Structures are given as structure tokens and as C-alpha cells.
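# Structural features, examined
The residues making up each chain are set out below.
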Amino acid sequence: MKTKLLLSVCLFLVFEFAKAQFKAPILISGEPIRNGNATGYGRLSLPFYNGHNLGFAAVAGKAQKDLFLQGTDGHGRGTYLYLYKGLSPAGIPIFAEPIKIKLPFDDKGKNRGLIVQDAAGKIYGVWAFGATLRYAEFNKTTYTFSELKRINIKGQPRGFSNFGVLPLKDGRLQFLFAVGEEGIFSNGADFPKKITYNAEGFWPYELRKMGVFGGIADGLETPIVNITQLTELDQALFTIDGFVKFTLGQDSYVLSGTRLGNILFYKLDEKKGTLSKRKYAVGKDGVILRNPGVHSSPAYFYGDQENQGLLTVGEGGLYYYKNSNIIDEKGNLVMEQPKHVLQQNPKVYGGSLVIPSVADWDGDGKLDIIAGNSMGFFFLYKNTGTNQMPIYGDPEPLVADGKVIHVQPGYREDIQGPGEARWGYTSPNVVDWDGDGLLDLVTGDSRGKFMVYLNIGTKTHPKLDREHTLYLDGMDMYGTWRTRPGVAKLGDRMAYITLDKDDEFHLYWQLDKYNLEDGGKLKMGEQNIRANALGGGTVGRAKFEIVDWDGDGVKDLLVGTYGKQSIPDTVRGLPVNMKPKRGSTILFMKNVGTDVKPNFEFPKVLKFKGQNISLGGHEIGGCVAAIGQGKNPMNLIVGIETGVFMFYDKKDLSW
């Protein structure tokens with residue numbers, strides 16, 4: 001008891017000292033906005049939007065608490081080491097800023113990896129190369145790996161997707177592999193040639209199911225691991241994202257993440273290398289836990305008996321499920337609800353593919369950030385500083401009708417099929433839509449739906465009603481998916497700009513808070529303005545901001561793009577034809593007409609200090625923000641695929 005009291009006092013003093021040393025982060029043009037939490041730590045900001053947990057090892061200390069993460073996307077590809085720094089007062093692990101580690105091969109993001117530490121303390125990296133594994137020893141002093149050695153896998157009927165290597169109590173290793181059903185799960189064609197839903201509204205292919213194969217070896221030095229089927233091939237849909245072990249009493253257990261978010265739970269017989277019937281991780285209410293984001297690649301954190309649990313990573317961030325060490329009467333493992341893992345000196349982070357809007361949400365005179373993301377949430381970042389020196393910390397999810405907003409397309413409402421069921425791609429625009437003096441939320445998302453969340457609270461205490469459809473001629477408003485509508489007064493009417501069914505720029509006019517009327521296609525001269533060269537899942541994705549960008553008194557368009565878009569046509573379009581290299585960017589389209597009858601010039605790429613803004617391959621969203629130094633600043637915030645918000649001072653921008 002005295003030890004716990006002393007520890008609590010020490011933690012209190014440490015965090016009070018951190019508060020005393022707090023300095024508000026400074027906005028730096030061309031760099032991500034930093035998290036301004038007074039504690040000096042906040043939600044861990046991943047350097048990638050898609051990747052895996054490799055696992056824990058004892059790098060800086062004696063306990064296996066230092067975390068390795070693997071980014072597999074082009075923007076944040078690489079392996080990162082996060083040294084452990086302690087627990088927050090709420091018991092959440094805190095890590096240092098990442099250290100990028102060089103691998104012993106050309107890392108193109110295709111080799112799934114993990115970290116294994118043996119009883120002697122040696123640390124190894126293990127990676128999948130086709131149907132084989134390769135491993136190398138990690139040097140804790142130089143942060144480098146030795147040369148690769150090969151392990152052959154025998155007994156698998158076909159390739160594996162993810163795998164685990166679990167140290168057993170007797171020093172041997174349990175190998176586990178996620179193997180999918182054999183069959184046809186699409187026609188094999190890329191979009192737009194792939195056939196999606198049939199006339200009855202069903203996906204015309206089987207939903208791929210996964211099972212587990214495995215075997216035991218004496219160590220990594222073994223040249224061959226023989227594996228057999230351990231479960232039926234019906235454990236999860238689409239993917240099993242990995243395997244980790246923990247012990248409870250004398251028993252050993254395995255946890256596995258999945259693409260759709262369920263966490264699988266098995267008892268492991270260490271002598272036989274077999275798994276029990278599948279169970280789940282559940283909350284204290286007995287309901288199966290579902291990871292908030294897409295995918296849930298696992299790692300297991302052990303601080304002490306009271307502070308241990310599962311870490312998951314995927315599109316949306318790094319989450320911690322504290323383990324209650326209770327197995328319920330159904331055989332499920334009871335865990336606490338997931339909380340965001342913490343990091344020292346992080347960037348402001350909002351999951352993957354964040355799309356921002358800036359407004360004084362709570363009427364205190366300070367401009368806040370409201371952002372959507374690929375997970376389907378809306379996050380509010382309250383400004384606790386000033387507009388000249390804003391401070392944004394960890395966000396809170398927006399609530400409508402008393403529930404956290406979480407847009408999920410599910411089985412039918414994503415044009416790319418049920419495999420995309422967890423991606424929401426919420427794209428908000430904050431505006432007083434109904435003219436009552438309160439800020440509302442106007443949105444597009446992965447469903448291709450265009451909705452409004454009306455504010456039924458007050459200026460200082462906003463409260464959102466449930467989402468409501470916008471109508472056009474009495475029909476639900478329709479257009480291409482993943483667009484952020486441009487919304488602003490043009491003349492004396494509220495305009496609404498998005499992409500129509502032809503994937504072309506289209507103007508609508510507001511009739512009332514739920515209804516629009518057609519204003520016609522937007523033009524460049526006499527030409528319609530197209531967004532993409534291809535069809536299918538490549539359509540949509542543009543993020544519109546209506547603003548007088550060049551100060552000539554007429555409102556223009558800023559358009560956030562993704563790297564393969566082709567605006568305004570399929571031949572010359574940007575950014576796909578951007579030189580010297582294409583990438584997601586912000587396009588400026590000057591209005592050479594009027595507000596009431598707009599007409600646009602050929603788009604120009606925004607440049608930061610003379611260089612094209614190029615921010616990955618997925619879509620990005622930009623919005624004008626009156627934050628930063630100066631009397632009337634009109635700067636730019638851009639949300640990017642890795643979940644951070646870039647700040648650009650307008651004086652550094654050209655086009």
C-alpha cells in the first residue's frame with residue numbers, strides 16, 4: 001500500500017512539473033500543427049495511415065515495453081521504435097517520439113513483420129517473404145539488424161496473410177498463420193471493370209473467411225516449420241490481423257485482431273500447440289468489443305499484473321484495451337473499452353484521412369477545428385489559446401441525438417463492396433446552414449450521401465440533432481462518394497457545390513434547411529468540369545472550399561484532391577499530370593465570372609515556397625482559417641492521409 005501511495009505521489013509530481021514547463025506550440029508554416037496538451041503528451045500521432053503492430057521488446061530497459069510499429073503505405077512506409085516512458089494517471093501507456101529503423105532489405109511495405117524477444121533477451125525481426133519467413137537479429141545499441149536468414153513453412157494449402165510467433169514457457173516458439181478460404185471472391189478486375197452489387201442489391205461474390213494454421217519449432221534457427229490446420233476457416237471475414245499471447249494464472253491465451261474490428265480469443269495448449277474454440281474479447285456489459293477503426297493489428301503490453309492489455313493499430317490510430325483478467329461464463333475475455341495510446345510531444349492527430357473545417361464552434365471567439373476521418377467520426381479540437389496563437393489538444397467526438405456520430409456504410413452502402421464496410425470517410429463543412437445564427441454540420445461521406453446535422457443547442461453550448469437527408473426534387477440528394485461539399489453564400493443565396501452522378505462539378509441552391517434546387521453544372525468556359533479520368537471507386541473524393549482566395553471580390557474554389565484525380569478533364573487534368581510528380585494537392589480555381597454566375601479558369605496547383613504542395617496519394621482536404629499572426633489572416637489548414645493537419649501561412653503560398 002505504501003509503495004502504491006509513493007508511486008502515486010511521484011506520478012503527481014512528475015505531471016505537475018510537466019504542466020509548469022508547458023509552452024504553447026507555435027504554428028510553423030509548412031509543418032503539422034503540434035498538440036498543445038499541458039501535460040506534454042497526447043494522442044499518439046501515427047506516421048502512417050495503414051500498418052501493423054510488430055510487438056514489444058526490451059530495448060531501453062529490462063522490461064518488454066518498447067513498441068515497434070510498421071507503416072506499409074507510401075506516405076509513412078517504414079519501421080518505427082517507440083520507447084516506453086510510463087503510464088498516465090489513467091493507466092494508459094505513454095511512449096516517446098518515434099525513431100525510424102532501417103531494415104535489412106529494401107522495404108516496399110509488402111513484407112508483414114513482427115518482433116520476437118527470446119528468454120536470453122535477444123531481439124529478432126521476422127518478416128514474411130511470400131510463403132516463407134526471414135529473420136534477423138536486432139542490435140539494441142546501433143538500432144540495426146543483422147543479415148536475413150530463411151525459414152521455410154510446410155503444410156499450408158496456400159499462402160498466408162498475417163502471422164504470429166509466440167514464445168512459449170519452455171523456450172520453444174508457437175507459429176500461427178492466418179489462411180483464407182480457397183475460392184473466387186471477385187472477378188479479379190480493377191475498378192471500374194469490377195462488377196459490384198447485383199440487381200437484387202447483394203454482393204455477387206463470397207465474403208472471404210479466414211482460419212488459423214500453426215505449428216511449434218524449437219527456435220528461429222529451425223530451417224523448416226511444419227504447420228497444420230488449427231481452426232475451421234470461418235473465424236473472421238476478410239482478415240485476421242495477427243496473433244499475440246498472454247498468460248492468466250497457469251494458462252496461456254491468444255488474442256487476434258480482425259479487419260472488421262472483432263477481437264478473437266483462444267486458449268492455447270502450449271504442449272500440443274492447439275487452440276480452443278473461438279471466443280471473443282467483450283466489454284463489461286458482455287457485448288463483443290469492436291475496434292473503432294479499420295483493422296486491429298495486435299500487440300500485448302505488460303506493465304504489471306494490474307496494468308496490461310491489448311494494443312491495436314489500423315486506420316484510425318493506436319488503441320489500448322486494458323485487460324480485466326476475467327473470463328466470463330461464456331468463455332469470453334472481459335476487457336475495458338479502448339482508449340487512445342499516448343505519446344510525448346505529438347502532432348494534433350485525428351485518425352486517417354482527416355478532412356478539416358474551421359469555425360468558432362462554441363461561441364467563445366476562438367476558432368476550433370472540426371474534422372472528419374476515414375473511420376467515420378467527427379472530431380472537435382477546441383482552441384484553448386487565441387486565434388493568433390491557437391492551442392489544440394486531443395479531440396472529443398461529436399455527438400448527435402445523444403450518441404457519438406460514427407458513419408459506417410456496412411454491407412451495401414459502399415460502392416467498393418462489403419470489404420469496405422468500416423470506412424466512413426466523413427467530410428464536414430461547418431456553416432450556419434439554416435440561418436438561425438448557430439453553426440451546423442453539412443457533410444458528404446463514403447455512402448455517397450449528403451446530410452446535415454442541425455444545431456439545436458445554443459451558440460455557446462452547441463447540440464446536434466440526428467443526421468437528416470438533403471433533398472433534391474423530393475429525392476435524396478445524390479452524387480459521387482467521399483466529397484466535401486462547398487457551402488457558402490453566393491450573392492444573397494446559400495450555394496452548395498459537389499460532384500454529381502457524372503462526376504462533374506455541380507452547383508445547387510438552398511431552398512430551405514432540407515431542400516436544394518438544381519443550379520446547373522459549373523463550367524470552365526463552355527466546358528463541364530470533370531473530377532476523375534476513371535469510374536467505379538475512383539470517382540468523387542474532391543473537397544470543396546468556396547472562398548475569395550485572390551481577394552478580387554469574387555468567390556473562387558479551392559479543391560482538395562487525391563493523387564489520381566484529373567481536374568478539369570481526362571487529358572490535361574490535375575493533379576495526375578502534375579510535374580515533376582503527381583500527388584494529392586490543393587487546386588485553386590479562379591472564378592472569372594460572378595458569384596451568381598460563376599465560371600472558372602484552368603486549375604492551378606498551390607505551391608509552398610515555390611514547390612508544389614504534394615501530400616501523399618489519398619485525398620486531402622483544405623480549409624481557410626483566420627488563425628496565426630497578422631490582423632486579418634487568411635491562412636490554410638490541410639488535413640492529410642496520416643491524420644495530421646498541415647498549417648500554411650498564405651504569404652508562403654503561390655499558384
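Just above sits the structure.
Since the structure is predicted, the reported quantities are computational estimates derived from the model, not experimental observations. (Residues numbered from 1 in each chain as written. Predicted model: local features only at pLDDT ≥ 70, side-chain atom pairs only at ≥ 80, totals over all residues. Heavy atoms only, no water.)

## What to know about the overall build of the protein chain
Assigned secondary structure in the protein chain consists of one helix and 60 strands. Its C-alpha atoms give the protein chain a radius of gyration of 26 Å, near enough to 26 Å, the size a compact globule of 655 residues would have. Burial statistics for the protein chain: of 655 residues in total, 57% are counted as buried. Considering only residue pairs separated by 6 or more positions, the protein chain has 55% of its internal contacts joining residues 24 or more positions apart. In the protein chain, the 77 positive side-chain charges and the 71 negative ones have mean positions that sit 6 Å from each other. (Helix = DSSP H or I, 4+ residues; strand = E, 2+ residues; numbered from the N terminus. Rg over C-alpha atoms; globule rule 2.2 N^0.38 Å. Buried < 20%, exposed > 50% of the residue type's maximum accessible area, 1.4 Å probe, protein only. Contact = heavy atoms within 4.5 Å. Lys, Arg positive; Asp, Glu negative; His and termini not counted. Charge placed at Lys NZ, Arg CZ, Asp CG, Glu CD.)

## A closer look at the nonpolar core
Core analysis: the biggest nonpolar cluster contains 41 residues, and Leu 67, Phe 95, Leu 311, Leu 558, Val 638 and Tyr 648 have the highest contact counts within it. Counting residues in hydrophobic clusters, the runner-up holds 34 residues, among them Val 244, Ile 263, Ala 281 and Ile 369. (Core = buried A, V, L, I, M, F, W, Y, C linked by side-chain atoms within 4.5 Å.)

## What about the side chain of Ser 357?
For Ser 357, the location among the structural elements is in strand 31 (residues 355-359). Residue classification places Ser 357 among the buried positions, given a relative accessible area of 3%. Within polar-contact distance, the side chain of Ser 357 engages the side chain of Arg 484 at 3.3 Å. Among residues more than four places away in sequence, those in contact with Ser 357 are Asp 368, Ile 369, Ile 370, Pro 428, Asn 429, Val 430, Arg 484 and Cys 623. (Polar contact = N/O pair within 3.5 Å; in protein donor to acceptor, adjacent residues only side chain to side chain.)

## Digging into the pattern of salt bridges
In total, this model carries 25 salt bridges according to the counting rule given. Arg 259 is the salt-bridge partner of Glu 420, the closest N and O atoms lying 3.7 Å from each other. Taken as a pair, Glu 420 in the loop between strand 36 (403-404) and strand 37 (427-431) and Arg 259 in the loop between strand 21 (251-256) and strand 22 (264-269) lie far apart in primary sequence, 161 residues in all. Of the two residues, Glu 420 and Arg 259, neither departs from the other in class, the shared state being buried. The shortest N-O distance in the salt bridge between Asp 445 and Arg 447 comes to 2.7 Å. Its relative accessible area of 2% is what places Asp 445 among the buried residues. Using a relative accessible area of 16% as the deciding quantity, one classes Arg 447 as buried. A network of salt bridges, in which partner residues are shared, links Asp 500, Lys 501, Asp 502, Glu 504 and Lys 521. (Salt bridge = Lys/Arg side-chain N within 4 Å of Asp/Glu carboxyl O.)

## Remarks on the packing of aromatic side chains
In total, this model carries 34 aromatic pairs according to the counting rule given. Relative to Phe 95, the ring of Tyr 84 lies with its centre 6.0 Å away and its plane at 70 degrees, an arrangement referred to as edge-to-face. Of this pair, Tyr 84 sits in strand 6 (residues 84-87) while Phe 95 sits in strand 7 (residues 93-95), placing them eleven residues apart in sequence. By the burial criterion, Tyr 84 is buried, and Phe 95 matches it. Seen from their ring centres, Tyr 197 and Tyr 411 are 6.4 Å apart, and the 65 degrees between their planes marks the pair as edge-to-face. Separated by 214 residues along the polypeptide, Tyr 197 in the loop between strand 15 (173-180) and strand 16 (209-217) and Tyr 411 in the loop between strand 36 and strand 37 bring together distant segments of the chain. A connected cluster of aromatic rings, assembled from ring pairs, spans Phe 68, Phe 105, Trp 127, Phe 129, Phe 138, Tyr 143 and Phe 145. Positioned over the ring face of Trp 481 is Arg 482, at 4.6 Å from the centre of the ring. Lying across the ring of Trp 549, Lys 650 places its NZ or CZ 4.2 Å from the centre. (Phe/Tyr/Trp six-rings, centres within 6.5 Å; stacked < 30°, edge-to-face > 60°. Lys NZ or Arg CZ within 6 Å of the ring centre and 35° of its normal.)

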